Amino acid sequence: MTSPLRLCVRRTSASETRGSATLVTLRLPSDVNCIEEAVELVTRHCLAGHDATKTIRFRLRVVLSEALSNAIMRGNGEDHTKWVEVRAELVPEAIRVSVTDEGPGFNPGAVPEPLKPEQLDEAGGRGLYLIRKLVDAVQFNEQGNSICMILRRR
Amino acid sequence: MGFSQTKGSNAVVVVQVEGQLVVGNRHELKELVQAALDKGERRLLVDFSRTGYIDSSGLGALVSISKRIREMGGELRLSGLNDDLRSLFELTKLDTLFAITETPEQALTSF
């Protein structure tokens, strides 16, 4: 069966970004069964040519999985006609990866802290918390339907 | 990727998670545990010795399973977490919610 994922990898010119970089883009449908393949593809391209530590590899996998899961399930409501876009900008020192859905967006400041005793026994609400703990910086666009995660290669 | 189920010592149902426990297969684990509870099983061990990754949905499924087992008067143990997986439990403080042992053998003797 042909994969529904659409991957593009190219080197950008110095004028397009802060210095030259490799740009990896991936488009996937809103199907949770596509997450594993998408994470494998993006992780492989983000770490290619770099002597990545086990920790960086694990963190990248975790935050990609969580961001894709949020985009597919919460952002796009698992509507298979909607797409999720991944854009990873790779420079020698860092990986800057954004995940964008077609949903209305959300207010990241309104997500409750999952470590509070009353939240600890809840089944959901840990994805964004894990992302924030495992990357060096997190940004959202104004609409709240795009998350940008920055991971230094250290 | 999947789950295998065996009956260990001390009348403990041992569920082995092969590969990953993630958003795509978490319902399968919940159904498997519910089926064991329906058969009267009350001691369950979920072993992660062959598991590479658990996402937040997988962690959430374990929380749900734990609650369900407690409601039924049963006990749940977890075992075999590698350092990366253990760090996820520590970051989310779920290491305080679950009884976790290094090996399945240790878990089986702790019931």
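Residues numbered from 1 in each chain as written. Chains lettered and ligands numbered in written order. Predicted model: local features only at pLDDT ≥ 70, side-chain atom pairs only at ≥ 80, totals over all residues.

**Overview of the overall build of chain B**
Here is step 1 of the chain: Assigned secondary structure in chain B consists of four helices and six strands.
Here is step 2 of the chain: In chain B, the succession of helices and strands from N to C terminus is β-β-α-β-β-α-β-α-β-α.
Here is step 3 of the chain: Taking 13 Å as the expected radius of gyration for a compact globule of 111 residues, we find that chain B reaches 12 Å, a close match to that expectation.
Here is step 4 of the chain: Over its C-alpha atoms, taken along the principal directions, chain B stretches across nearly 30 × 30 × 25 Å.
Here is step 5 of the chain: Contacts in chain B between residues at least 24 apart in sequence constitute 74% of all its contacts with a sequence separation of at least 6. (Helix = DSSP H or I, 4+ residues; strand = E, 2+ residues; numbered from the N terminus. Rg over C-alpha atoms; globule rule 2.2 N^0.38 Å. Contact = placed C-beta atoms within 7 Å.)

**A closer look at the environment of Ser9(B)**
Here is step 1 of the chain: Mapped onto the fold, Ser9(B) is located in the loop between β1 (2–7) and β2 (13–21).
Here is step 2 of the chain: A C-alpha to C-alpha distance of 9.8 Å links Ser9(B) and Phe111(B), two positions 102 residues apart in sequence.

**With respect to the pairing of strand β5 (residues 75–79) of chain B**
Residues and elements named next belong to chain B.
Here is step 1 of the chain: Burial analysis of β5 places four of its five residues in the buried class, the great majority of the element.
Here is step 2 of the chain: Judged from the three bridges that link them, β5 and strand β6 (residues 99–101) form a sheet pairing that is parallel. Along β6, the bridge assignment pairs serine 79 with threonine 101. (Buried ≥ 20, exposed ≤ 12 C-beta atoms within 10 Å, placed from the backbone. Pairing = 2+ DSSP bridges.)

**Focus on the nonpolar core**
All names here are of chain A.
Here is step 1 of the chain: In terms of nonpolar packing, the biggest core is built from 62 residues, with Val42, Val63, Ala67 and Leu68 touching the most fellow members.
Here is step 2 of the chain: Examining the composition of this core, we find that ten residues originate from one element, helix α2 (residues 54–75), more than from any other.
Here is step 3 of the chain: The contacts of alanine 67, once residues within four sequence positions are left out, are Val99, Ile131, Ile147 and Met149. (Core = buried A, V, L, I, M, F, W, Y, C linked by C-beta atoms within 7 Å.)

**A few points about the environment of Leu28(A)**
Residue and element names in this part refer to chain A.
Here is step 1 of the chain: Relative to the assigned elements, leucine 28 resides in strand β2 (residues 21–29).
Here is step 2 of the chain: Residues leucine 28 and leucine 5 lie 23 residues apart in sequence; the distance between their C-alpha atoms is 4.8 Å.
Here is step 3 of the chain: For leucine 28, the residues in contact, after removing those within four places along its chain, are Pro4, Leu5, Cys34, Ala38, Trp83 and Val84.

**Notes on the packing of α2(A) against helix α4 (residues 127–134) of chain A**
Residues and elements named next belong to chain A.
Here is step 1 of the chain: In contact at an axis separation of 9 Å, α2 and α4 are set at 145° when each is read in the N-to-C sense. Crossing geometry of α2 relative to α4 is assigned as left-handed. Contacts between α2 and α4 involve Arg59, Val62, Val63, Glu66, Ala67, Ser69 and Asn70 on the former and, on the latter, Gly127, Leu128, Leu130, Ile131 and Leu134.
Here is step 2 of the chain: In the contact of α2 with α4, the residues fall into seven nonpolar, three polar and two charged. (Axes fitted to C-alpha atoms, helices over the stretch in contact; angles between N-to-C directions. Left-handed = near helix turned anticlockwise from the far one by under 90°. Nonpolar A, V, L, I, M, F, W, Y, C, P; charged D, E, K, R; others polar.)

**Quick notes on the interface of chain B and chain A**
The parts lose accessible area when they come together, and the size of an interface is often stated as this lost area.
Here is step 1 of the chain: Counting residues at the interface gives 18 residues for chain B, matched by 19 residues for chain A.
Here is step 2 of the chain: When contributions to the side of chain B that touches chain A are tallied by element, the ones reaching two or more residues are α2 (56–71) and α3 (83–91) of chain B.
Here is step 3 of the chain: With seven residues, the single largest contributor to the side of chain B that touches chain A is α2(B).
Here is step 4 of the chain: Counted by class, the side of chain B that touches chain A contains eight nonpolar, six polar and four charged residues.

**Regarding helix α1 (residues 35–47) of chain A**
Residues and elements named next belong to chain A.
Here is step 1 of the chain: The first and last C-alpha atoms of α1 sit 18 Å apart over 13 residues, in line with the 18 Å expected at 1.5 Å per residue.
Here is step 2 of the chain: Along α1, the residues that are buried comprise Ile35, Glu36, Ala38, Val39, Val42, Thr43 and Cys46. One side of α1 carries all its buried residues, which in axial view fall inside an arc of 160°. Exposed residues pointing more than 90 degrees away from the buried face of α1 are listed as Glu40 and Arg44.
Here is step 3 of the chain: Two residues or fewer after α1 comes glycine 49, characterised by a positive phi angle close to 80°. (Expected span 1.5 Å × (residues − 1). Arc of directions from axis to C-beta.)

**Comments concerning the environment of Gly60(B)**
Residues and elements named next belong to chain B.
Here is step 1 of the chain: Summarising the element assignment, glycine 60 is placed in helix α2.
Here is step 2 of the chain: Residue classification places glycine 60 among the buried positions, given that 21 C-beta atoms sit within 10 Å.
Here is step 3 of the chain: With 39 residues separating them along the chain, glycine 60 and alanine 99 place their C-alpha atoms 16 Å apart.

**A closer look at the sheet that holds strand β3 (residues 83–90) of chain A**
All names here are of chain A.
Here is step 1 of the chain: On the basis of which strands lie adjacent, the open sheet formed by six strands has the order β1-β2-β3-β4-β6-β5 and antiparallel pairing. Of all the strands in the sheet, the pair left with one neighbour each is β1 (6–12) and β5 (137–140). Sheet twist, expressed as the average angle between the axes of neighbouring strands with direction ignored, equals 15°.
Here is step 2 of the chain: Alignment of β1 against β2, held across seven bridges, turns out to be antiparallel. In the sheet register, cysteine 8 faces β2, and the bridge partner there is threonine 25.
Here is step 3 of the chain: Here α2 sits on the sheet in contact with β3, β4 (94–100) and β6 (146–152), set at roughly 180° to β6.

The values reported here are purely geometric and, on their own, carry no functional implication.
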